[in-house]
Each structure stands twice: as structure tokens, then as C-alpha cells.
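What follows is the residue order along each chain.
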Amino acid sequence: MSDSTAVTPAPADSAGAGATRSRMPSGPFRRKRAGRIGQVQPLVALLWLAPALALILGVVLYPAVKLFDASRGQFSITGLRTGDAGWANYQKVLEHQDLGQVLRNTVVWVVAVVAFTIVIGLALAQFLVKSFPGRRFVRWAVIVPWAASLVITSQLFVLLYDYNYGVINYVLLKLHLISTPIDFLGNDSWTMFSMVVVGIFVSLPFTIFVFIAGLGAIPDDVMEAATVDGASPWQRYWNITLPLMRPALMIATVLNVIYVFNSFPIVYTLNDRNPGYAHDTTITFMYKLAFKSQEHDVGMSAAAGIFNVLLILVVVAIYLRIINVREETTR
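These numbers come from a predicted model, not from an experiment.

K.L.:
Whenever I open this one, helix 10 (residues 188-216) confuses me. Can you help?
P.N.:
Count 3.6 residues to each turn of an α-helix, and residues three or four apart come out pointing the same way. Taking 1.5 Å per residue, 29 residues should reach 42 Å; helix 10 reaches 43 Å between its end C-alpha atoms and fits that length. Approximately 40° is the largest bend angle found in helix 10, and it occurs at Leu204, with the proline Pro205 only one to four residues beyond.

K.L.:
Hey, could you run me through empty space enclosed by the protein in this one?
P.N.:
Empty space left among the atoms is revealed by rolling a probe the size of a water molecule over them. Summed over the entire model, instances satisfying the criterion amount to one cavity of 30 Å³ or more. In this structure, the largest cavity encloses a volume near 30 Å³. When the residues that make up the lining of the largest cavity are grouped by side-chain class, the tally is five nonpolar, no polar and three charged.

K.L.:
Teacher, can you tell me more about the nonpolar core here?
P.N.:
Generally speaking, a soluble globular protein has its nonpolar side chains buried in company with each other. Core analysis: the biggest nonpolar cluster contains 47 residues, and Trp109, Leu122, Phe211, Met245 and Leu270 have the highest contact counts within it. With 13 residues, the single largest contributor to this core is helix 10. One finds Tyr90, Phe285, Met300 and Ala304 within the second-largest nonpolar core, a separate group that totals eleven residues.

K.L.:
Could you clarify how one ought to interpret the packing of helix 14 (residues 264-271) against helix 15 (residues 282-291) in this entry?
P.N.:
Between two packed helices, what matters for the description is the angle formed by their axes and the separation of those axes. Two elements in contact, helix 14 and helix 15, have axes whose closest approach is 9 Å; the angle formed by their N-to-C orientations is 65°. As summarised for this structure, helix 14 and helix 15 are arranged roughly perpendicular, according to the angle between their axes. The chirality of how helix 14 crosses helix 15 is right-handed. For the pair formed by helix 14 and helix 15, the contact residues are Phe264, Val267, Tyr268 and Asn271 on the first element and Ile283, Thr284, Tyr287 and Lys288 on the second. Partitioned by chemical class, the residues of the contact of helix 14 with helix 15 number five nonpolar, two polar and one charged.

K.L.:
Help me understand the packing of aromatic side chains, please; the structure alone is not making it clear to me.
P.N.:
Here a ring pair, both rings aromatic, is described through the centre-centre distance and the interplanar angle of the planes. For the coordinates displayed, the defined rule picks out 18 aromatic pairs. A ring pair is formed by Phe127 and Phe132, whose centres lie 4.7 Å apart and whose planes are at 20°; its orientation type is stacked. Residue classification places Phe127 among the partly exposed positions, given a relative accessible area of 44%. Summarising the aromatic geometry, the rings of Phe264 and Tyr268 are spaced 5.1 Å apart at their centres and angled 15° between planes, so their arrangement reads as stacked. Of this pair, Phe264 and Tyr268 are both found in helix 14, four residues apart, which corresponds to roughly one turn of the helix. The class for Phe264 is partly exposed, based on a relative accessible area of 25%. Take Tyr268: its relative accessible area is 18%, and that puts it in the buried class. Among the aromatic residues, those joined into a ring-pair cluster are Phe157, Tyr161, Phe184, Trp190, Phe193 and Phe201.

Calculation criteria
- Residues numbered from 1 in each chain as written.
- Predicted model: local features only at pLDDT ≥ 70, side-chain atom pairs only at ≥ 80, totals over all residues.
- Heavy atoms only, no water.
- Helix = DSSP H or I, 4+ residues; strand = E, 2+ residues; numbered from the N terminus.
- Expected span 1.5 Å × (residues − 1).
- Bend = angle between axes of the 7 residues up to and from the residue.
- 1 Å grid on protein atoms, 1.4 Å probe; cavity = no way out; pocket = protein on both sides within 12 Å on 5 of 7 lines; lining within 4 Å.
- Points joined across faces, edges and corners; volume = space filled by probe spheres on them.
- Nonpolar A, V, L, I, M, F, W, Y, C, P; charged D, E, K, R; others polar.
- Core = buried A, V, L, I, M, F, W, Y, C linked by side-chain atoms within 4.5 Å.
- Buried < 20%, exposed > 50% of the residue type's maximum accessible area, 1.4 Å probe, protein only.
- Axes fitted to C-alpha atoms, helices over the stretch in contact; angles between N-to-C directions.
- Parallel < 35°, antiparallel > 145°, perpendicular 65-115°, else oblique.
- Left-handed = near helix turned anticlockwise from the far one by under 90°.
- Contact = heavy atoms within 4.5 Å.
- Phe/Tyr/Trp six-rings, centres within 6.5 Å; stacked < 30°, edge-to-face > 60°.

All quantities given are derived from atomic positions and should not be read as evidence of function.
As C-alpha cells, then:
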């Protein structure tokens, strides 16, 4: 009797478990239901993506199509389309006598501004992550040039660089560092240097804060372990900090290349008093072809715009390729 009582719960448990198993999906059906987790219907996904797609179509694709169409058109001096030019506008841009000088100016402008911005930004970011009195105020002050309009900032530097009344010349003369004022924006040997200084000034805030975020993501225990192992500050910075900063460096470099390459207000505002294309980049070259040169050709300007888009895409692609190759070799 006791034996039968001891065995009685077992069939009940097995029956309950069997009933539970019979209610659960099994085999391929169970795997199919599990595979649906996280999936979204195409119409629902399209509904969520519609605002972004509309923005891309309206702000990127439609202007690109219109730019390409304008680059193959022939326009009057007032900007009215008078016919089709085919590929003649592209040929005119490539055969322009000042194109070589403009391309050299663009390379110097982009490389100098981005390189000095990255180096100075790393140094300032390393300083601003440390704790010191007034750090919050300094960080707020650093972001001001980024928040201000580029045109306003450029015009401010025009006043600072002024030959007769500029503050920079006034200070240099008072310190007896120079005997006569410097024509920063009119002397060919000083114009590009003066433009690069402004480019670095307006590019530093964004770069510094990107690097501050990158430095804040480095684990403290890694640096402590390197210190315990006897690594010097330079060894820690070169072998630990910089490799872990690689994502921030890549973001800062790529975005700065794009921003500096397309920086029209700085180059135009500082250089508008000089005739010709001696200190122009491809962006201001494109503008002058349409509105301020003897050509007054909207079609040539649009063709130059197409070349600008292709050039920046090629430069960014080459940079990303170099970064990927270095990452593969270090693994």
C-alpha cells in the first residue's frame, strides 16, 4: 500500500509535463516563431524611415540631380538656361588656366588646417580632461567659436588683420617685433597663413570635444596597470592612449576634412578683396565662376561643383581605406 502511494505522484507529474509539452510548439514551427523576434514588417519599417528618406531625397539627391543637370546646360549672363552644353562645361573647367593654382591652394588649406587642428586639439583635450579650478568655464569658452557664425568670426578676423587699425599689427608694433605693419590679407606671402589660422580657430572646438569624449572612454585600470608596470608617461600616451583614441581620431579627421574642404565663408570673407584666383580653393573658385569672374558661367560653376563632390568622396574613401589597412595589419 505504501509502495503504491509513493509511486502515485510520478504519473501525475509526467502527465502534467506531457500536457505542457503538448501545448508548446516543437520542431521547425518553434524555431520559426523564435526567428520572428525583432523583425519588422516592411511597411512598418518604411513608415518609420519615411522622414529620414524624405530628408535625404529633398536635401541630398534632388539637389545633386539638379546640379548635374545644370552642369550640362548652357546659361546666359543673367543665369537663364539657353540650351544644352553636353560635356563642354567639364572640359572648360579642366582647361581653366587657374585650376592648377586653385587645386594647390585647396591641398595646402585642407592639409594644414586639419593637421594642426588634430595636433593642437589632442594637446588641449589632454589638458581639459584634468581637474583644475575653472575647468567648466574654460570648456564653455572653448565652444564659443563653434557656436558663432563663420561669417561673423571671419569678419572679426578681417578687423584684427587690418593693415592700418588691426589689433594684431598694433600689438606687434608696440612690442617692437615688427617695424612696419603687415598686410596679412593683401600680401601673397601672408594671405594663406592668415586663412589657415582662422580655419584652425573655428575647427578646434568640435575637435577638442570629440577628443575629450575619446579620452573619457579609456578605462582607468588600463592606465593604472601600465603605470604599475613602469611605463613612462610618453610610453603610456604613445602605446595606450593613442591606439585607444583611434575611433575618435578617425571621426575628427574625416569630419574636419569635409568641413574644411567645404568652408566657403572663411576663404571668401578673408580673400574677397584680392582679384583673380591666387588664394581661392575649389569652393570659392566654383562661386566666382558663376558670379564674380569674367566667365559668369553657371554651367561651368555647376561642373566645378560636381568635381568638388567627387574629389571629397575620393579623399575620404582613401583615408578610410588607409585606416582599415592599418587596423588589419595591427591585428
